[in-house]
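Descriptive analysis of the structure
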Amino acid sequence: MLILTVLAALPGLLVAVADGLNLSRVQESNARQALYQTLSHSKSDYADAVDDLLSDTDILVRSSTEDGTRCPSMLPIMAKLHPDYAIVAIMAPTGATVCSTHASTAAAGWLDAMHVTIDRLTLGQSNSQSTLVAAHHGYPMMLVSARRTGSAAAPGSIAVIATPYSPLERLGPSRDGAQISIDLRDPAGHLIHVRNRGTGYSNAAPTTDDVSPGADDLSLQSDNKSIRATLRLIHHGLPSVLRIELPKSIVYSDAYVSRQHNTAWLACALAALLMVGAMVGRQMIAVPAGAIMRTITRLSNGDLAARTGLRTKRDELTQVASALDKMADTLEQEDIRRTRSLDLLRQTNRLHEMLGVIGAATGARDDDGAFFEDICRLAVEIGGIRAAGIFELREAGDHPLVTLASHPAPPTDAGQSNHLLPTANRAAHSWHVETVHAAGERGTGATVAIPLGHAQDGRKRIIACAFDDARLLEETTYRLLGQIAQDVQLGARIIQTESALQHARSHDASTGLPNETHFYDRVHRALRDPKRKDAAVGVCLLDAGIESAAAGKSLVSAKTHVIQLAERIASRLGQAIDMALLPGPSLGVLVTPGLDHASTRDWLDALAKAAVSHDDKATVDPGPPLRMGVAFWPEGGDTPQSLLESAQIALRAATGREGAITYYSKQLGDVARELREIERAMPGALADGAMQLHYQPIVDLATSQIAGFEALLRWSDIRLGYIAPSKFIPIAERSGLISAIGRKVLRDACTQASHWAREASSDLFITVNVSPVQLTDRDFVRNVRDTCGKAEAEPQAVKIAFEITENDLIADIAHGARVLQDLKEAGIDILIDDFGSGYSSLSYLHRLPIDALKIDKSITRDLSISDRARAVCSGIVAIAKNLQVRTIIEGIETAEQVALAKALGCDLAQGFLFGKASDPASAWARVGRPLV
């Protein structure tokens, strides 16, 4: 229909166009001829007008003053002589108007507007002649001449004359829409002023090609908007361009009128045809086209669900709409597929990223609970999982699953439960995937539960992950989830192993108590705690018979003693206490920073009471007394090592009183330093023979003659002086030198006994003290045989006897009995030293192969003043006689004690009354003589 309408109107349209084009060509030819004639006549007119204008400006300047303070008399005369001049004016150097004559108010306004323009001109370069400076912007056009008095250094007043000039008057009064422009340039070609603008045209700037300093030239040009005539000329050395433009709307005005008439009747006919076509074509074209455009617009805006909604028909537009709908369907499906692929790729990348941070999470935690919390949080924040949880499966109960970790946190309301639990409960043995329809905030698209191995106690663990979109669960996702589960399982095992190793490093394997490493760390933290300020920090060491247990029993028994002591303290005090098993063994207790100095001693007193308290009130043998050594910061040191050393010093200096606490002091430190010097000097003294044996006589009370000697070790150092055995023997026991010292003493004693046996007329014996540390040596008996053999004497001939303290035997009576029996078979006599001083038990005596009992000097000291002491001594003598062993009473210092010992039935005696220990020669000199 549209095509038929256009074809019907086409002949009339062609006739109208042809008529209009012909009329336009005629009018354009006439306009070109008129413009050419106008500019040809204007060339001489323009030259005359410029000559008159410049000449009159020179006259006006000569009649004016340089400062421009008054009007020249020539100004009104010139205005009368030239009534065609629009403006004759004098302007001050500042640009202000001094006086003027003008033909109209419009001219006055133009002069005010020219102030700034004239002031900006470079007229001061020469005052020898007037210059054409401007063309007025309006109609008719004004030619403006100006000249400045004075010099460049001192510019003076300015004379200005403006006169109307318009070659358009030659074109006729109907050319008011034409435009004239005059471009003025100085002799160098620089543009001075631009154009007069006519009505209806834009003010385009001239180009440098508009004026050239060549010969005069006249040209005609035409474009789509206007016909332009240009006159190039040079007058008074000033290049100028006179341009006249006629809009084609003026030139073709008659053609436009004719064309409008032709178009009017054609438009009427076309409108009628279009109305008929529009009514028919609306349904065929407009509706389908509108639907198609709307659909295209929505598709271009990203709405892939847009459709035309048109039914398919045989016409072209509906078929186009159908094709467009099919294309939209394809795009939508492709977009869905691409979006799903991108979502899957993003999910895969996030799971890969999570795999990369599991290792860091493993190294950042030391317990699997915190590690599982981190895994669940990372699964949500990095892995793109909506919710994650790790559970532990119980064998029975109302709630078979225990939540170990979950993120976000599970609901705490009584009526709600963790939405991951149902799926996790079904994954005890294998993977389980469950699709969950969205139902509230906690609904998910799908939940996957994966077995996570077993805990250390054998319980099964499960990890469950919730996804928003079940479509993301493809083979790649399942593979990554399985790898994540394996890495989490491996990380948990690594943390458990590290925790076990850390526990092993910081705890004793046999007792489970914290060890020295743990204790050092706790003390270090307490010393570096910024919150403690002036609070007390110290170390307390406890020894309630621990050293004795370690010496007389196995190390396991000693550690058992430590465990009992630690449990007793913890149960009595009822609070968390930092305790540790330290080498020795001994029990270390950290005095925590929570205590101030005033309450520290009260707390330690409570600790001592808890340590010595026994559950069995009827215990006959309460055990050795408690000893405690305490060192505080800063007196005892400012490091864990120095504090422990100071506490050890205080513990060694502790008395045997029950519950005694010894605090470290400077005096104890000095003593400890002396003991350390002794310890450092001991190996050298042992090697160079500075330690020598002295012999104290043992007298037969029946004959008053020497029956034997006790070999006592003496040490005199050049630098340290005389060192008593009570100082260096404990040091030797702790340092491990006691075995070497014991071998030296036995070797020297055997050598001396062999020498005396060759000279003696009667049997003699030499007793040697044995340390409890030597008794625990498995090679002790063999070393005794070897030492005596190297001394070239048989044990049976030299009569060597060993003195062993009863307390050293009762610690482990079975082991002691075996050792003594081996010594007895080797020909060594056995004496029980210090009998009656310790926790004596008569039940062990019949089991030991002993030869004599040495009554302790504490009993001898009270014989003359205490009936109880005499009764104890009499009882010991009776026991010895029943066991068919001899008795040796120690510490005899008076004749009265000798008489009492004889009366009580003692066999032998030893003490200062008979003589102190002396060198071998002095001791042998007294043999064979009565000493009482």
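One can find the structure itself at the top, above this paragraph.
Quick summary incoming for the structure in this document. Note that this is a predicted model, so its numbers are computed, not measured. (Residues numbered from 1 in each chain as written. Predicted model: local features only at pLDDT ≥ 70, side-chain atom pairs only at ≥ 80, totals over all residues. Heavy atoms only, no water.)

A separate point is the state of the cysteines. This structure, assessed with the given rule, holds 1 disulfide. Linked covalently through their sulfurs, C71 and C99 form a disulfide whose S-S length is 1.8 Å. Pair noted here: C71 is in the loop between α1 (2–62) and α2 (74–81) and C99 is in strand β2 (residues 97–102), with a separation of 28 residues, a long-range link. Judged by its relative accessible area of 35%, C71 falls in the partly exposed class. Unpaired in this structure, C465 has its nearest cysteine sulfur neighbour in C376, at a distance of 7.9 Å. Just so you know, C873 is unpaired, no disulfide at all, and the nearest cysteine sulfur is the one on C906, 4.0 Å from it. (Disulfide = S-S within 2.5 Å. Helix = DSSP H or I, 4+ residues; strand = E, 2+ residues; numbered from the N terminus. Buried < 20%, exposed > 50% of the residue type's maximum accessible area, 1.4 Å probe, protein only.)

Bringing helix α24 (residues 867–883) into the picture now. Here α24 spans 24 Å end to end across 17 residues, near enough to the 24 Å set by a 1.5 Å rise per residue. Buried residues of α24: A869, C873, I876, V877 and A880, and no others. Looking straight down α24, one finds that the buried residues subtend no more than 100° of arc, so they occupy a single side. Residues of α24 that are exposed and angled more than 90 degrees away from the buried face: D867, R868, K881 and N882. For α24, the N-terminal capping position is held by S866, with its side-chain oxygen 3.3 Å away from the main-chain nitrogen of R868. Phi for Q884, located one or two positions after α24, is positive at around 60°. (Expected span 1.5 Å × (residues − 1). Arc of directions from axis to C-beta. Polar contact = N/O pair within 3.5 Å; in protein donor to acceptor, adjacent residues only side chain to side chain.)

It is worth spelling out the sheet that holds strand β18 (residues 586–591) at this point. Taken in spatial order, the 5 strands of this open sheet run β17-β18-β16-β19-β20, and their pairing is mixed. Strands with a single pairing partner mark the edges of an open sheet, and in this sheet they are β17 (579–582) and β20 (660–663). Direction aside, the axes of adjacent strands within the sheet are offset by 25° on average. Sheet analysis places β17 next to β18, joined by 4 bridges and oriented antiparallel. Looking across to β18, one finds that L581 is bridged to L587. Sitting on the sheet, helix α14 (residues 640–652) touches β16 (538–543), β17, β18, β19 (627–632) and β20, and the angle it makes with β19 is about 145°. (Pairing = 2+ DSSP bridges. Axes fitted to C-alpha atoms, helices over the stretch in contact; angles between N-to-C directions. Contact = heavy atoms within 4.5 Å.)

Next up on the list: the pattern of salt bridges. If you walk through the whole model with that rule in mind, you get 23 salt bridges. Of the charged contacts in the structure, one is a salt bridge between E710 and K854, with a shortest N-O distance of 3.4 Å. In this pair, E710 is assigned in strand β22 (residues 705–717) and K854 in strand β27 (residues 852–855), connecting sequence segments 144 residues apart. Of the charged contacts, one joins R782 and D779 as a salt bridge, the two residues approaching to 3.4 Å between their closest N and O atoms. Connected through salt bridges with shared partners, the residues D368, E392, R459 and R461 form a single ionic network. (Salt bridge = Lys/Arg side-chain N within 4 Å of Asp/Glu carboxyl O.)

A word on the side chain of T348. Note on placement: T348 falls in helix α6 (residues 316–364). Accessibility expressed as a relative area gives 10% for T348, which makes it buried. If near-sequence neighbours (up to four positions away) are discounted, T348 is found in contact with T476 and L480.

What follows concerns empty space enclosed by the protein. Counting across every chain of the model gives 5 cavities of 30 Å³ or more. Lining the largest cavity are 14 residues, and of these S739, G742, R743, Q774 and F780 lie nearest its centre. Looking at the lining of the largest cavity, the elements that each hand over two or more residues are α17 (738–759), β24 (765–769) and α19 (780–790). Among the residues making up the lining of the largest cavity, the classes are represented as 6 nonpolar, 6 polar and 2 charged. (1 Å grid on protein atoms, 1.4 Å probe; cavity = no way out; pocket = protein on both sides within 12 Å on 5 of 7 lines; lining within 4 Å. Points joined across faces, edges and corners; volume = space filled by probe spheres on them. Nonpolar A, V, L, I, M, F, W, Y, C, P; charged D, E, K, R; others polar.)

With the rule as written, the count across this model stands at 8 aromatic pairs. Taking the centre distance of 5.1 Å and the plane angle of 65° together, the rings of Y695 and W756 count as edge-to-face. With Y695 in strand β21 (residues 691–700) and W756 in helix α17, this residue pair connects regions lying 61 residues apart in the sequence. Judged by its relative accessible area of 1%, Y695 is buried. The exposure class of W756 is buried, given its relative accessible area of 4%. Look at F709 and W756: their rings are 4.9 Å apart centre to centre, the planes differ by 45°, and that puts the pair in the tilted class. Separated by 47 residues along the polypeptide, F709 in strand β22 and W756 in helix α17 bring together distant segments of the chain. An aromatic cluster is present here, built from Y695, F709, W756 and W924 joined pairwise through their rings. (Phe/Tyr/Trp six-rings, centres within 6.5 Å; stacked < 30°, edge-to-face > 60°.)

Negative phi values dominate among residues other than glycine, just as trans dominates among peptide bonds. Here H407 and P408 are connected by a cis peptide whose omega angle stands at -5°. Within the secondary structure, P408 is located in the loop between β12 (401–407) and α8 (421–425). Positive phi is not limited to glycine here, since S704 has a value of about 65°. Along the polypeptide, S704 turns up in the loop between β21 and β22. With relative accessibility at 11%, the residue S704 sits in the buried group.

This brings us to the environment of E645. Counting through the fold element by element, E645 comes out in helix α14. Between the C-alpha atoms of E645 and A672, which are 27 residues apart in sequence, the distance is 9.6 Å.

Further remarks concern the nonpolar core. Within soluble globular proteins, side chains that are nonpolar generally end up buried alongside one another. Grouped together as the largest cluster of nonpolar side chains are 73 residues, with contacts concentrated most on M682, M691, W715, F802, L823, L853 and I889. At 8 residues, α17 tops the list of elements feeding residues into this core. Non-local contacts of M691, meaning those with residues more than four positions away in its chain, are made with M682, A685, L686, L713, R714, W715, F728, I741 and K744. L355, C376, L481 and V488 belong to the second largest nonpolar core, which has 31 residues in total. (Core = buried A, V, L, I, M, F, W, Y, C linked by side-chain atoms within 4.5 Å.)

With that out of the way, let us pick up the environment of R471. Tracing the backbone shows R471 in the loop between β15 (460–467) and α9 (475–506). Looking at R471, the relative accessible area reads 49%, which means it is partly exposed. Measuring from C-alpha to C-alpha, the distance between R471 and G445 comes to 8.5 Å, with 26 residues separating the pair along the chain.

On to the packing of helix α15 (residues 666–688) against helix α16 (residues 725–735), then. Axis separation between α15 and α16 bottoms out at 10 Å; the angle between their running directions is 70°. As far as their axial angle goes, α16 and α15 are roughly perpendicular. When the axes of α15 and α16 are compared, the crossing they make is right-handed. Side by side, α15 and α16 meet where E674, L675, I678, E679 and M682 of the first sit next to K727, F728, I731, A732 and S735 of the second. (Parallel < 35°, antiparallel > 145°, perpendicular 65-115°, else oblique. Left-handed = near helix turned anticlockwise from the far one by under 90°.)

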